[in-house]
Protein chains: 6
Amino acid sequence: MDKDMQDVLKKAEVLVEALPYIQKFNRKIIVVKYGGSAMSNEELQKNVITDVTLLKLVGFKPIIVHGGGKAISSWVSKVGKEAQFINGLRVTDAETMEIAEMVLGRVNKQLVTMVQELGVKAIGISGKDSGLLHVKKKLSDGKDIGYVGEVDRVDPKILFDLLDNDYLPIIAPIGLDDNFDTYNINADDAACAVAKAVGANKLAFLTDIDGVYKDINDPSSFISRLTCSEADALIASGNIGGGMLPKLNNCTDAIRKGVNNVHILDGRIPHCILLEIFTKKGVGTMFMADDDALAQNN
Amino acid sequence: MDKDMQDVLKKAEVLVEALPYIQKFNRKIIVVKYGGSAMSNEELQKNVITDVTLLKLVGFKPIIVHGGGKAISSWVSKVGKEAQFINGLRVTDAETMEIAEMVLGRVNKQLVTMVQELGVKAIGISGKDSGLLHVKKKLSDGKDIGYVGEVDRVDPKILFDLLDNDYLPIIAPIGLDDNFDTYNINADDAACAVAKAVGANKLAFLTDIDGVYKDINDPSSFISRLTCSEADALIASGNIGGGMLPKLNNCTDAIRKGVNNVHILDGRIPHCILLEIFTKKGVGTMFMADDDALAQNN
Amino acid sequence: MDKDMQDVLKKAEVLVEALPYIQKFNRKIIVVKYGGSAMSNEELQKNVITDVTLLKLVGFKPIIVHGGGKAISSWVSKVGKEAQFINGLRVTDAETMEIAEMVLGRVNKQLVTMVQELGVKAIGISGKDSGLLHVKKKLSDGKDIGYVGEVDRVDPKILFDLLDNDYLPIIAPIGLDDNFDTYNINADDAACAVAKAVGANKLAFLTDIDGVYKDINDPSSFISRLTCSEADALIASGNIGGGMLPKLNNCTDAIRKGVNNVHILDGRIPHCILLEIFTKKGVGTMFMADDDALAQNN
Amino acid sequence: MDKDMQDVLKKAEVLVEALPYIQKFNRKIIVVKYGGSAMSNEELQKNVITDVTLLKLVGFKPIIVHGGGKAISSWVSKVGKEAQFINGLRVTDAETMEIAEMVLGRVNKQLVTMVQELGVKAIGISGKDSGLLHVKKKLSDGKDIGYVGEVDRVDPKILFDLLDNDYLPIIAPIGLDDNFDTYNINADDAACAVAKAVGANKLAFLTDIDGVYKDINDPSSFISRLTCSEADALIASGNIGGGMLPKLNNCTDAIRKGVNNVHILDGRIPHCILLEIFTKKGVGTMFMADDDALAQNN
Amino acid sequence: MDKDMQDVLKKAEVLVEALPYIQKFNRKIIVVKYGGSAMSNEELQKNVITDVTLLKLVGFKPIIVHGGGKAISSWVSKVGKEAQFINGLRVTDAETMEIAEMVLGRVNKQLVTMVQELGVKAIGISGKDSGLLHVKKKLSDGKDIGYVGEVDRVDPKILFDLLDNDYLPIIAPIGLDDNFDTYNINADDAACAVAKAVGANKLAFLTDIDGVYKDINDPSSFISRLTCSEADALIASGNIGGGMLPKLNNCTDAIRKGVNNVHILDGRIPHCILLEIFTKKGVGTMFMADDDALAQNN
Amino acid sequence: MDKDMQDVLKKAEVLVEALPYIQKFNRKIIVVKYGGSAMSNEELQKNVITDVTLLKLVGFKPIIVHGGGKAISSWVSKVGKEAQFINGLRVTDAETMEIAEMVLGRVNKQLVTMVQELGVKAIGISGKDSGLLHVKKKLSDGKDIGYVGEVDRVDPKILFDLLDNDYLPIIAPIGLDDNFDTYNINADDAACAVAKAVGANKLAFLTDIDGVYKDINDPSSFISRLTCSEADALIASGNIGGGMLPKLNNCTDAIRKGVNNVHILDGRIPHCILLEIFTKKGVGTMFMADDDALAQNN
């Protein structure tokens, strides 16, 4: 093979090597669950929204699912009611549901505004729009705690339509049941249901913790990557605290239903999403299928 | 011409005669402004939503712009504030604006739910989504009355995208100014701005009055059809009451900016929209361009 | 109210009454599982394909999922192998899988041809195309029986794209696992998974039985409509035969995951699909949610 | 079978029988070549445009290809040149080409205006737009007669895009060659090329003759339907006049390249298009493939 | 924070800093008004068209609105008429209108050809197509000067459809009034109306002047950036010449109706558009809202 | 001109110079015919599919048309038949056609799987789907050799729809005739027909030869670029072997019907497609129109 040919062959190889990297950005859907402490101050909000907007500009198709629990509690008390929780679930009578829907609606439009400010087209919807999130009543230990729903079906068509038309969808976690009654949904669960229904490539939970530790009391036991089996073992070990448990279950469930990677990130670290995605080690805990882990080790 | 030929010719003529009627339904955009008393009870709401949904099913492309003034006032007082008005405009401080956005957001989703119940896909947005409604501060006699905006630009792309994908858009009258601050917009004005921007075929105001009277004290002076010039004359006559005046101006302005027909309807009459559109005489007052009136008389 | 007004009001009411009927046809997705005896002769095939094509022309969005078990067995024996089944599942070694994919591919294109002959645009795909059906290996009582897969995730985007562009999708029940190996899928299961993922309004199984009987030995015990609870009770009663059991479970599962109605039809009855949908009593067994049954009785 | 069942079966049959008729209208593309005498007065123009518009409203997807020869000649003489023809082809120097493009451009927009008046969205383009018609120079008996082109390739994407977005495309027969020079194209040829490229269901030539006669001197020898073979025989018979010959060749060529039916119609008969399509016998001559004729006779 | 973390943080910051720049290209609409001296020779034309085409290739969505006054005058005299102007407006009788439409139609297709040569898909339309530009008669000091129209409404749907399908639309400034009569429109006015209706990010006037001077006699008084208020003051100062006045009014009007930036450029400077957009100082005069100027100074 | 201005001018020029290169990737359609020896081992297959996938990721719109002759022969003999050829065409009785369709269907899905593995969305279809390839029976020296078809019409709409929705279409060379009977098509011919119908920018034949030689016995006579006229002369020279002849005719025919470039490549060279497109000299033989060659030499 002559010199000239070797050169062009090398050129071709460079292109071929670039393939996996280009694919990483190529129209993959990433669902970002945004809530809790990461929403608590404006500086953090700007960081998060800037990150998500940037993901969109480099080729990802992001979807935001947001919470708003603190704002709801604050408004509930404003009208003279007391927020009440059973097993971590808000007892939601009709009046509380009305307040929750109003507050989440406003948070939704605040996030829309922030994205629009960055020059990207956003549409804020709730799970009611076009029947996106269908729920059934969720009981707490068999007890009726009001309008608390769990997603039993997602109609993802509206999300594909919005993504195809180049919008960034922002979703408030509210749904309808068979009787067209309104229900509040845990935002983690809603994000998980959405990610599965659209076949998301990634699902990222912005939380107020670093990620997962093997031993919560040993800072050196931080886990950067975790397979489903390893997560199962961790859960079985009994070392996982109560608040972390449902999150872990959501993560493994999402992986098993086809989401490629699930990430637990500390929303208080500036640009945590970019750091996790564009750097090798990342800053949080990434969950993956057992097979994928195997493939990466070989 | 032989008998056979006459028959087929007749057949062709029937088709040709059907043309104007078919056109009436063929993907024409109709903007319905829905608010005030017509929203006050559930029965009326169901009638209105059923009518609009039916328009969609027979081929129209409806858009709803809704109000929510009474619910806003009720929530304002719920948190211990007093609703305040100057020249009919709500004085809107930051806290009132926050409440208004929450309440309108919930009304928006209630309407979405009602349309979904009828088996039609609806998406509820506000003027913030994808920059639909851009406003500047509206003064009242030169006085700053807070976050009250008037639309100074509409970006209709989001509406075309939603209509093209077969959704029924429902719009809350809220917008952003150059600084991305949130403003309340008069729902009549918002509907008018939207109708002009999308080149609507029809704009219908659902109100709690019958329509326009030549002499408000003479029931026999009801006006079924009105040209822009006639409306101008009526305004100049000084016989039009204060509440009616801005509505009349909105109507003639919409006609002059290209909306084909504007209708003032009494939302309390069951199925008033269908009656107005599918019957010759109609039930409300229809505004049209001077030219169109001329054409119909010839 | 004068006479003229009464007339127009009546006219409006007729339109309003037509609403539920129009909705029935309006872009609803119906998944038809087509296989077994109903595929055995050309006359029956023509009936079925004509029915499905007609559904499309009147406004439905049909999707066909087909089987092909008999043709596979016939080709397996043609190359000198013996078809082997364990618990009703075909033992599928690599060679059998190769034959199954070839045979199903051809059946797929035969159905495409029949739809094209009727002037409707069809596209035949398998669950491999655009990652539609993702599977994991299915064990039989814990035993590996080869390339037999169960769907663990559906990426419905391709179906929405094809339906939006007005094609009738026809799906062969084959999928890929994490290692991109090819697996055979039970056609009933594939249809069920597809129906749930696209939020289908209806799922119809074309079989070689009439439907469900309370007592299989008593012809007068035929059941036209069945709620999920009633189906559960029937299963618990132990009166349901082995072949029927997985079908019943598929039906109730689909209903619970959001499909509105599931139908078991006898594909040997000419035009059974049209008869079931356009007549009150229908000809097969229709499953519905407990709530829906309640609503219809009130 | 009981009475009830018979009834529903009958109902199903009615639907099945309606199938071929519904298909007739269902998004089929029809290319209408409009020129010559049929364009000569305003009354005829209105009839033709009304017919085409109606076809669109009942479900067809029409495309108009127009001529403008007389208007070109009139403008050529207006600037003091003499229109010159060799073998029926206009000798087209640079100045004549400039005039031709101007005149055809204006005729194009006149037709657009007429369609718009009827409430249907039209877009007028020429073969230059998005590279629709690519030509090479056409010689007349080996002699260069200037900017006269014959289509050697069609890029139909623009037409599919316009039809998909619900526009009625109107095409002026002008194209570009490899050097991006402008050429005039015979409108019959342009219509034929377009019809083949989009896989049109029908191609209709609006002319100033009734159709085809077996013996041009015998009015009773009018031919309503003609297969390709019969047309070949007719051409071979030598009984076809010079002006008719290229038209016949265009017709048989179009059929052989996949257009289902080609029609020669007398544009001077009011509503000739509707009469031809919606009546059994029709009013002009219809060409079809030999196979199709066979199928209809059996 | 360890070294590794600092690195990745830096990496993230680079991406974040790139955000505003990426946004600049991201599907923003730019309307270019092209006419006058900048159209006078082929070299300049090529420069302009190359610039616009390049804008499209790097992500902008350009729309061209063109004039053609000189060519119209030349053809008017060619047929023995004398071009007549009152207050700078062409007196346009029916015959002049016919010529104007023909000439503009040809200019339109010449521009289409030039864009196509550069490998980009262009579609040339006039304001008649799909009802894009609706006009009413424009009087000159109350005097009827024939078919001279001013835009009173724009239906932008056709432009969104063409842009969504990746075409570069080129618009001839002609419109229809209520009677579907044809009118000539000033190209500056047409460009301005289009830019406002589509919510353009930029509107660029290619002229034969450098831009705006504070004192037309003082070359050192050239103004690179101008707010609306400053432009108002300049107009009020009386130092602006007659030809410049309507242009300035168009600029400030466009800004106030929502166009982000308006540029006056000297079309005779090679690549003036690229220079203005991709360089800090630019080469012409840029208009902006008062708020934006404020924001940039802070 | 001052220094600053010179700098920006230079900047503009760089962008302008980049134009032709950017255009090269910008949504151009490339049809790749893939078959014969290049399909024979897995390593080569991976190279080819990786190349095509990369073309898609950098902006091309590739379409694959594949063969499968060897696999068909192997299955024919597996069922005890003998593959029979006349003049290089497979004698195709009904049973052979059945096998061919099954085998090609499986090859089709294997290629789909390989593209999916690389993270790009693929859809595998045959010429039956949506009526893509319509054929008539092909005779061999006037002799009927069974179900061997030649394409007489292509309906490219399905390909535009798939490309618009961002899929990579993979086509099996099978078509339907007027009677909806199934025919086998030579894959080279099918690729050629498809390339012409979609107005492809490039058509590449992956073969097991280097390309074209002036004298097949003289390795130094390899031809890198060839115009249509030169190819004609070569054919007339009689120096072209029998297997090469139909390929050459396909190449010149495609060029003359509007494909810009046709390439004959040796599929056994790793990354031959990338080498041919992204390097100046290329590795195979490229055909071009006479005009284009002229343009490049000037």
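Residues numbered from 1 in each chain as written. Chains lettered and ligands numbered in written order. Predicted model: local features only at pLDDT ≥ 70, side-chain atom pairs only at ≥ 80, totals over all residues. Heavy atoms only, no water.

1. Quick look at the sheet that holds strand E11 (residues 202–207) of chain A
Residues and elements named next belong to chain A. Test applied: By definition, two strands form a pair when at least two bridges between them are found by DSSP. Secondary structure follows DSSP: runs of H or I at least 4 residues long count as helices, runs of E at least 2 residues long count as strands, and numbering of each begins at the N terminus. Here the axes come from fitting lines to C-alpha atoms, over the contacting stretch only for helices, and the angles between their N-to-C directions go from 0 to 180 degrees. Note on contacts: a residue pair qualifies if any of its non-hydrogen atoms lie within 4.5 Å across the two residues.
As summarised here, the arrangement of the eight strands in space is E5-E8-E2-E1-E11-E15-E16-E14, forming an open sheet in which the pairing is mixed. The open sheet has two free edges, formed respectively by strand E5 (122–126) and strand E14 (225–227), since each of these has just one partner strand. Taking the axes of each pair of neighbouring strands and ignoring which way they run, one obtains an average angle of 20° across the sheet. Sheet topology note: the E5/strand E8 (residues 168–172) ladder contains five bridges and is parallel. Looking at the pairing, Ile125 lines up with Ile171 of E8. Against the sheet, helix H7 (residues 228–237) makes contact with E14 and strand E16 (285–288), and its axis sits at roughly 85° relative to E14, the strand it touches most.

2. Side note on the relation of the copies chain E and chain D
Stated formally: Copy-to-copy superposition: least squares on the C-alpha atoms, limited to residues that have pLDDT of at least 70 in both copies.
Mapping chain E onto chain D is achieved by rotating through 180° and translating by 0.0 Å along the same axis, at an RMSD of 0.0 Å. These values place the two chain copies in the arrangement generated by a two-fold rotation axis. Among all C-alpha atoms of chain E, that of Met102 of chain E lies closest to the rotation axis, at 2.2 Å. Here 100% of the interface residues in chain E have copies in chain D that are interface residues too; the copies meet face to matching face.

3. So, the sheet that holds strand E2 (residues 61–66) of chain E
All names here are of chain E. Strand order in this open sheet of eight strands is E5-E8-E2-E1-E11-E15-E16-E14, and the pairing throughout is mixed. Here the strands that pair on one side only, and so sit at the sheet edges, are strand E5 (122–126) and strand E14 (225–227). Each neighbouring strand pair of the sheet contributes to a mean axis angle of 20°, computed without reference to strand direction. Examined bridge by bridge, strand E1 (residues 29–34) and strand E11 (residues 202–207) share five bridges and lie parallel to one another. Looking at the pairing, Tyr34 lines up with Leu206 of E11. Against the sheet, helix H7 (residues 228–237) touches E14 and strand E16 (285–288), its axis set at about 85° to E14.

4. Here we look at helix H3 (residues 69–78) of chain C
Condition: We call a residue buried when its accessible area falls under 20% of the maximum for its residue type, exposed when it is over 50%, and partly exposed in between, using a 1.4 Å probe and counting protein chains only. This arc describes the spread of directions from the helix axis toward the C-beta atoms.
Looking at H3 of chain C, one finds that the buried residues are Ile72, Trp75 and Val76 of chain C. Seen end-on, H3 of chain C carries its buried residues on one side only, within an arc spanning 105°. Those residues of H3 of chain C that are buried are in contact with strand E4 (89–90) and helix H4 (94–117) of chain C together with helix H4 (94–117) of chain F. Gly80 of chain C, located one to two residues past H3 of chain C, shows a positive phi value of around 85°.

5. Concerning the UniProt feature "site: Transition state stabilizer" (unreviewed entry) in chain A
Residue and element names in this part refer to chain A. To be explicit about the condition: UniProt positions are given in the numbering used here, feature names are shortened, and annotations may be inferred rather than shown by experiment.
Sites flagged by UniProt as "site: Transition state stabilizer" (unreviewed entry) map to Lys33 and Lys247. Of the residues just listed, which span 215 residues, no C-alpha pair is farther apart than 11.7 Å, and they cluster in one region. Of note, Lys33 is situated in strand E1 (residues 29–34). Overall, Lys33 belongs to the buried group, its relative accessible area being 10%. Not counting residues within four places of it along the chain, the set of residues in contact with Lys33 comprises Val65, Ala187, Asp188, Ala191, Ala204, Phe205 and Leu206.

6. Focus: the packing of helix H4 (residues 94–117) of chain D against helix H4 (residues 94–117) of chain E
Our working definition: Orientation is classified from the angle alone, with under 35 degrees giving roughly parallel, over 145 giving roughly antiparallel, 65 to 115 giving roughly perpendicular, and any other angle giving oblique. Residues are grouped as follows: Ala, Val, Leu, Ile, Met, Phe, Trp, Tyr, Cys and Pro are nonpolar; Asp, Glu, Lys and Arg are charged; every other residue, Gly included, is polar.
Following both chains from N to C, one finds H4 of chain D and H4 of chain E inclined at 105°, their axes separated by 8 Å at the closest point. Our classification of the angle between H4 of chain D and H4 of chain E gives roughly perpendicular. On H4 of chain E, the residues touching Glu98, Glu101, Met102, Val103, Arg106 and Lys109 of chain D of H4 of chain D are Glu98, Glu101, Met102, Val103, Arg106 and Lys109 of chain E. Of the residues contributing to the contact of H4 of chain D with H4 of chain E, the split by class is four nonpolar, no polar and eight charged.

7. Some words on the packing of aromatic side chains
Rule in force here: Only centres within 6.5 Å qualify two rings of Phe, Tyr or Trp (six-membered ring in Trp) as a pair; their planes then separate them into stacked at under 30 degrees, edge-to-face at over 60, and tilted for everything else. The rule for a charge over a ring is simple: NZ of Lys or CZ of Arg within 6 Å of the ring centre, and within 35 degrees of the ring normal.
This structure, assessed with the given rule, holds 15 aromatic pairs over all chains. Note that Lys78 of chain A overlies the ring of Trp75 of chain A, its terminal NZ or CZ placed 4.1 Å from the centroid.

8. Some details on the pairing of strand E7 (residues 143–154) of chain C
Residues and elements named next belong to chain C. Summarising the sheet, strand E6 (residues 133–140) and E7 pair through seven bridges and their orientation is antiparallel. Bridge assignment links Leu139 to a residue of E7, and that residue is Asp144. The hairpin turn running from E6 into E7, its antiparallel successor, is two residues long, and Asp141 in that turn takes a positive phi close to 50°. By the bridge criterion, two bridges tie E7 to strand E10 (residues 182–185) in an arrangement that is parallel. Within E10, the residue paired with Val148 across the bridge is Asn184.

9. Concerning the side chain of Arg90 of chain D
All names here are of chain D. Here is the rule we go by: Within this scheme the basic residues Lys and Arg register as positive and the acidic residues Asp and Glu register as negative, but His and the chain ends are omitted. Salt bridges are defined by distance alone: a side-chain nitrogen of Lys or Arg within 4 Å of a carboxyl oxygen of Asp or Glu. A 3.5 Å cut-off defines polar contacts: any pair of N or O atoms within that distance qualifies, except that in protein one atom must be a possible hydrogen donor and the other a possible acceptor, and neighbouring residues in sequence count only when both atoms are side-chain atoms.
Within the secondary structure, Arg90 sits in strand E4 (residues 89–90). The buried charged residue Arg90 lacks any salt bridge, with Asp93 as its nearest oppositely charged partner at 9.3 Å. Within the local environment of Arg90, its side chain forms a polar contact with the side chain of Ser73, the two groups lying 3.2 Å apart. Residues within four places of Arg90 in sequence aside, it is in contact with Gly69, Ile72, Ser73, Ala83, Gln84, Phe85, Thr96, Ile145 and Val148.

10. Describing the interface of chain E and chain D
Rules: Values labelled buried area give the accessible surface lost by two parts on being combined, using a 1.4 Å probe and summing over both.
Counting residues at the interface gives 33 residues for chain E and 33 residues for chain D. Buried area between chain E and chain D, both sides added, is near 3100 Å², and the carbon and sulfur share of it is 59%. Of all residues in chain E, Trp75, Met102 and Arg106 of chain E give up the largest surface area on contact with chain D, accounting jointly for 21% of the area buried on that side. At the junction of chain E with chain D, the criterion picks out six salt bridges. Between the two partners, chain E and chain D, sit 16 residue pairs in polar contact (both at pLDDT 80 or more). Elements supplying a minimum of two residues to the side of chain E that touches chain D: helix H3 (69–78), H4, E5 and helix H5 (157–164) of chain E. Top element by residues in the side of chain E that touches chain D is H4 of chain E. It accounts for 12 residues.

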